[in-house]
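What follows is the residue order along each chain.
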Amino acid sequence: MNVDGKAYRTIWLAPDNKTVEIIDQTKLPHLFTTVQLTSLEDAAHAISAMLVRGAPLIGATAAYGMCLALEGDASDSRLAQAYETLLATRPTAVNLRWALDDMRSKLLPLAPEERQAAAYRRAAEVCDEDVEICSSIGDHGKNLISALWEKNERKGVINVLTHCNAGWLATVDWGTAIAPIYKAHDEGIPVHVWVDETRPRNQGASLTAWELNRHGVPHTVIVDNVGGHLMQHGLVDICIVGTDRTTAAGDVCNKIGTYLKALAADANGVPFYVALPSPTIDWTLEDGLRDIPIEQRDATEVSHMTGRNSEGELVTIQLTPDGSPAANYAFDVTPARYVTGLITERGVSPASREGLETLFPQQQAMTAS
Ligand code: MRU
């Protein structure tokens, strides 16, 4: 994607081909700054402090974290330490474990002196694959938007509601839930996006709005409680969200508040789609409510908020009274029955084991064996 005319991915290598560079997402939308990662600790911090976030980008950063960790010591024990350190950074997005398992399985059979170069090669492939996957998700999701546009006899505008940020900032490029919107917009289909602000960290208001602005996609930021009202009044044609982990049975874990949007969509007959790359499917889990670990973050993310004051300075203010405790559940689970369809790189499937296995038959074979 372009930022002020320059093409960016969310993660790339510096000219020394070792240092990893990222966009510091904690500063957006007010400041566009990049940060260099040179060690395992830098990569782990970038993920846990959410300089990078979004399931696919967390996975890509972990892959590069493994590369950085092997500098000067690529022994089995160092590999194991890097794996554990990175795995502990955030609990919910399964792409983290997917990327680490993938890296470990490719590096362990190699001699230690071959491992770091191989790690950099594989991390680059993980990133390239993510871009391809997200572009395909965009194509399949765009067909859904296009079908709605045809149904409306090409009149008016297609209103899409999204939650959190599942745009290019959450992936290496393109995004998942937002990729179909970019592709539809680029093809001339008039789309307008309702952007949930997504308290407490405001990924919608800060990141999705920033992205859509850069790309020139018409959008409106709304507080998280508005979606139901809009749906009751026919102002949402389709919801598209991302996910951090989807079970083999199609239960979808995503940013807190997604479940309430799915309930409102169900009650109002609005199609509710979830866009996901295949590394976000956790084939080991069936029951999302029971089995997916839900991250709980620091209460200060609820009690405080950061923004720009009238002098243009970034300031943090306290919202809640001294002494009031706050709880910060970061994700929730939407049961498969509320999901109209899963938009993957291989097409759109029902949110069910049968649906997913039709698109990914090799998984069916692996589960059976
Ligand atoms: O806490 P975050 O910002 O990492 O949460 C991100 C989300 O919930 C996204 O919707 C999800 O990772 C899908 S990203 C393509």
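None of these values were measured; they are calculated from a predicted model.

Examining the overall build of the protein
Turning to step 1, where the next piece is worked out: The helix and strand tally for the protein stands at 13 helices and 18 strands.
Turning to step 2, where the next piece is worked out: For a compact globule of 369 residues, the expected C-alpha radius of gyration is about 21 Å, and the protein comes in at 20 Å, within 12% of that figure.
Turning to step 3, where the next piece is worked out: When the backbone C-alpha atoms are referred to their principal axes, the protein occupies close to 60 × 60 × 45 Å.
Turning to step 4, where the next piece is worked out: Split into buried and exposed, the 369 residues of the protein put 56% on the buried side.
Turning to step 5, where the next piece is worked out: Considering only residue pairs separated by 6 or more positions, the protein has 73% of its internal contacts joining residues 24 or more positions apart.
Turning to step 6, where the next piece is worked out: Accessible surface, the protein: about 15200 Å² in total, of which carbon and sulfur atoms supply 51%.
Turning to step 7, where the next piece is worked out: Side chains of the protein carry 30 positive and 47 negative charges; the gap between the two charge centres is 2 Å.

Observations concerning helix H3 (residues 76–87)
Turning to step 1, where the next piece is worked out: The first and last C-alpha atoms of H3 sit 16 Å apart over twelve residues, in line with the 16 Å expected at 1.5 Å per residue.
Turning to step 2, where the next piece is worked out: Taken as a whole, H3 has its buried residues at Arg78, Leu79, Ala82, Tyr83 and Leu86. Buried residues in H3, looked at end-on, bunch into an arc of 140°, giving them a common side.
Turning to step 3, where the next piece is worked out: The inward-facing, buried residues of H3 contact helix H1 (40–48), helix H2 (55–69), helix H4 (94–107) and helix H5 (112–151).

Here we look at the sheet that holds strand E11 (residues 252–255)
Turning to step 1, where the next piece is worked out: Sheet architecture is open: four strands sit in the order E13-E10-E11-E16, paired in mixed fashion. In the strand order of this sheet, the two ends are held by strand E13 (281–282) and strand E16 (331–334), each with one partner.
Turning to step 2, where the next piece is worked out: As paired elements, strand E10 (residues 245–247) and E13 share two bridges and run parallel to each other. The residue of E13 that forms the bridge with Thr247 is Asp282.

What about the side chain of Thr171?
Turning to step 1, where the next piece is worked out: Its location among the elements puts Thr171 in the loop between strand E6 (158–162) and helix H6 (179–186).
Turning to step 2, where the next piece is worked out: Exposure remark for Thr171: the relative accessible area of 1% places this residue in the buried category.

Let's talk about the pattern of salt bridges
Turning to step 1, where the next piece is worked out: Summed over the entire model, instances satisfying the criterion amount to 24 salt bridges.
Turning to step 2, where the next piece is worked out: Between Asp101 and Arg104 there is a salt bridge, with the nearest N and O atoms lying 3.6 Å from each other. Remark: Arg104 and Asp101 occur in helix H4; sequence separation between them is three residues, near one turn of the helix.
Turning to step 3, where the next piece is worked out: By relative accessible area, which is 31% here, Arg104 ends up partly exposed.
Turning to step 4, where the next piece is worked out: Between Lys183 and Asp139 there is a salt bridge; the shortest N-O distance is 3.1 Å.

Some words on the state of the cysteines
Turning to step 1, where the next piece is worked out: As enumerated under the stated definition, the model contains zero disulfides in all.
Turning to step 2, where the next piece is worked out: No disulfide involves Cys127; its sulfur sits 9.0 Å from that of Cys67, the nearest cysteine.

A few points about the nonpolar core
Turning to step 1, where the next piece is worked out: The biggest cluster of nonpolar side chains holds 77 residues, and the ones touching the most others in it are Ile11, Trp168 and Ile181.
Turning to step 2, where the next piece is worked out: With 13 residues, H5 is the single largest residue contributor to this core.
Turning to step 3, where the next piece is worked out: Discounting residues that sit within four places of it in the chain, Ile181 has contacts with Ile145, Val160, Val191, Val193, Leu212 and Val217.
Turning to step 4, where the next piece is worked out: If you look at the next biggest cluster of nonpolar residues, it comprises 27 residues, including Leu161, Val241, Ala336 and Leu356.

Here's the deal with the site of the ligand
Turning to step 1, where the next piece is worked out: Taken together, 19 residues form the shell around the ligand, and within it Arg53, Arg90, Asp244, Asn254 and Lys255 come nearest.
Turning to step 2, where the next piece is worked out: Between the ligand and Gln203, the relevant distance is 2.9 Å, taken from an oxygen atom to a side-chain nitrogen or oxygen of the residue.
Turning to step 3, where the next piece is worked out: Here Asp244 contributes a side-chain N or O atom positioned 2.8 Å from an oxygen atom of the ligand.
Turning to step 4, where the next piece is worked out: In isolation the ligand has 420 Å² of accessible area, and contact with the protein removes 100% of it.
Turning to step 5, where the next piece is worked out: If you list the elements that add at least two residues to the shell around the ligand, you get H2 and E11.
Turning to step 6, where the next piece is worked out: When grouped by side-chain class, the residues that make up the shell around the ligand number seven nonpolar, eight polar and four charged.
Turning to step 7, where the next piece is worked out: Residues from two domains meet in the shell around the ligand; each of domain 1 (2–129) and domain 2 (140–368) gives at least three.

Section: the domain arrangement of the protein
Interface size is commonly expressed as the accessible surface area that is lost when the partners come together.
Turning to step 1, where the next piece is worked out: Structurally, the protein comprises domain 1 (2–129) and domain 2 (140–368).
Turning to step 2, where the next piece is worked out: With centres defined by C-alpha atoms, the gap from domain 1 to domain 2 works out at 24 Å.
Turning to step 3, where the next piece is worked out: Each partner contributes to the interface: domain 1 provides 34 residues, whereas domain 2 provides 34 residues.
Turning to step 4, where the next piece is worked out: Interface area, domain 1 with domain 2, both sides summed: about 2700 Å², of which 58% is carbon and sulfur.
Turning to step 5, where the next piece is worked out: Considering only the side of domain 1, the residues that lose the most area to domain 2 are His30, Arg53 and Thr92, jointly responsible for 23% of the buried surface there.
Turning to step 6, where the next piece is worked out: For the interface between domain 1 and domain 2, the tally reads three salt bridges.
Turning to step 7, where the next piece is worked out: A salt bridge links Glu295 to Arg90; the nearest nitrogen and oxygen atoms lie 2.7 Å apart.
Turning to step 8, where the next piece is worked out: There are 15 residue pairs in polar contact (both at pLDDT 80 or more) connecting domain 1 and domain 2.

The rules we used
- Residues numbered from 1 in each chain as written.
- Predicted model: local features only at pLDDT ≥ 70, side-chain atom pairs only at ≥ 80, totals over all residues.
- Heavy atoms only, no water.
- Helix = DSSP H or I, 4+ residues; strand = E, 2+ residues; numbered from the N terminus.
- Rg over C-alpha atoms; globule rule 2.2 N^0.38 Å.
- Buried < 20%, exposed > 50% of the residue type's maximum accessible area, 1.4 Å probe, protein only.
- Contact = heavy atoms within 4.5 Å.
- Areas by Shrake-Rupley, 256 points an atom, 1.4 Å probe, with all protein chains shown as cover.
- Lys, Arg positive; Asp, Glu negative; His and termini not counted.
- Charge placed at Lys NZ, Arg CZ, Asp CG, Glu CD.
- Expected span 1.5 Å × (residues − 1).
- Arc of directions from axis to C-beta.
- Pairing = 2+ DSSP bridges.
- Salt bridge = Lys/Arg side-chain N within 4 Å of Asp/Glu carboxyl O.
- Disulfide = S-S within 2.5 Å.
- Core = buried A, V, L, I, M, F, W, Y, C linked by side-chain atoms within 4.5 Å.
- Near = heavy atom within 4 Å.
- Polar contact = N/O pair within 3.5 Å; in protein donor to acceptor, adjacent residues only side chain to side chain.
- Nonpolar A, V, L, I, M, F, W, Y, C, P; charged D, E, K, R; others polar.
- Domains from an automatic or database assignment.
- Buried area = accessible area lost by both parts, 1.4 Å probe.

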